[in-house]
Amino acid sequence: NTVPIKTHSSPLFANRDAFFPVANRPTQEQNPLEVKHILKCHQDLPFPMQLRDFHLLVFLSAILDPLSDMPALCAAVAAGKEPKEGHRELIQCYAAQADK
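Now for a quick tour of the structure. Predicted model, so just to flag it, every value in this text is computed and none were measured.

A few points about the overall build of the protein
Then comes step 1: Scanning the protein from terminus to terminus reveals 5 helices and 0 strands.
Then comes step 2: Residues counted as buried form 32% of the 100 residues belonging to the protein.
Then comes step 3: Sequence-distant contacts, at least 24 apart, represent 56% of the contacts inside the protein between residues at least 6 apart.
Then comes step 4: Treating the 10 positive side-chain charges of the protein as one cloud and the 11 negative ones as another, the clouds have centres 5 Å apart.

Put into structure tokens, the structure is as follows:
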């Protein structure tokens with residue numbers, strides 16, 4: 001028996017002008033340039049709103065500590081509040097690597 005996979009839609013991640021690439025897709029690459037693209041496309045929004053992309057958050061868990069940084073970052077994003085000090089700077093510095 002096969003069970004169809006249904007896509008979940010969440011209002012938290014809806015209404016985006018750009019989306020971060022999905023992992024494990026041969027035609028899409030996750031890298032600093034894509035992080036920069038997301039931040040630039042949503043630069044008019046508050047920083048927590050810029051990060052409201054599930055695949056971006058999953059990608060950031062490989063850069064930030066998944067046990068201490070990510071729970072705090074995800075809580076801030078979900079609440080629409082500024083993340084802990086240093087998180088914004090780390091993410092923006094990572095995105096700036098696309099310029100190098």
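Some thoughts on helix 1 (residues 32–41)
Then comes step 1: Every buried residue of helix 1 is listed here: P32, V35, I38 and L39. Angularly, the buried residues of helix 1 cover 120 degrees about the axis, an arc narrow enough to put them on a single face. Exposed and facing more than 90 degrees away from the buried side of helix 1 are L33 and K40.
Then comes step 2: Check the buried side of helix 1 and you find it contacts helix 2 (47–50), helix 3 (54–60) and helix 5 (87–96).

So, the side chain of R52
Then comes step 1: As for its placement among the helices and strands, R52 is situated in the loop between helix 2 and helix 3.
Then comes step 2: A polar side-chain atom of R52 sits 3.0 Å from the main-chain carbonyl oxygen of V77.

Description of the pattern of salt bridges
Then comes step 1: One pass over the structure, following the stated rule, counts 2 salt bridges.
Then comes step 2: A salt bridge links D99 to K36; the shortest N-O distance between them is 2.3 Å. Taken together, the residues D99 in the segment after helix 5 and K36 in helix 1 connect sequence positions 63 residues apart.
Then comes step 3: Given a relative accessible area of 28%, K36 falls into the partly exposed group.
Then comes step 4: As a salt-bridge pair, R88 and E82 come within 2.9 Å of each other at their nearest N and O atoms.
Then comes step 5: Looking at R88, the relative accessible area reads 26%, which means it is partly exposed.
Then comes step 6: Classification of E82 as partly exposed rests on a relative accessible area of 46%.

Observations concerning helix 5
Then comes step 1: H87, I91, Y94 and A95 are the residues of helix 5 that are buried. Projected down its long axis, helix 5 carries its buried residues within an arc of 100 degrees, all on one side.
Then comes step 2: For helix 5, the elements touching its buried residues are helix 1, helix 2, helix 3 and helix 4 (69–79).

As for unusual backbone geometry
Glycine aside, residues mostly have negative phi, and peptide bonds are mostly found in the trans state.
Then comes step 1: The phi angle at N24 is positive, at roughly 65 degrees, despite the residue not being glycine.
Then comes step 2: Mapped onto the fold, N24 is located in the segment before helix 1.
Then comes step 3: According to the relative accessible area criterion, N24 is exposed, its value standing at 76%.

Description of the packing of aromatic side chains
Then comes step 1: Applying the stated criterion to the full structure yields 2 aromatic pairs.
Then comes step 2: Where F20 meets F59, the ring centres are 5.2 Å apart and the plane angle is 40 degrees; that geometry is what we call tilted. In this pair, F20 sits in the segment before helix 1 while F59 sits in helix 3, placing the two residues 39 residues apart along the sequence.
Then comes step 3: Judged by relative accessible area, which is 2%, F20 ranks as buried.

So, how was this worked out
- Residues numbered from 1 in each chain as written.
- Predicted model: local features only at pLDDT ≥ 70, side-chain atom pairs only at ≥ 80, totals over all residues.
- Heavy atoms only, no water.
- Helix = DSSP H or I, 4+ residues; strand = E, 2+ residues; numbered from the N terminus.
- Buried < 20%, exposed > 50% of the residue type's maximum accessible area, 1.4 Å probe, protein only.
- Contact = heavy atoms within 4.5 Å.
- Lys, Arg positive; Asp, Glu negative; His and termini not counted.
- Charge placed at Lys NZ, Arg CZ, Asp CG, Glu CD.
- Arc of directions from axis to C-beta.
- Polar contact = N/O pair within 3.5 Å; in protein donor to acceptor, adjacent residues only side chain to side chain.
- Salt bridge = Lys/Arg side-chain N within 4 Å of Asp/Glu carboxyl O.
- Phe/Tyr/Trp six-rings, centres within 6.5 Å; stacked < 30°, edge-to-face > 60°.

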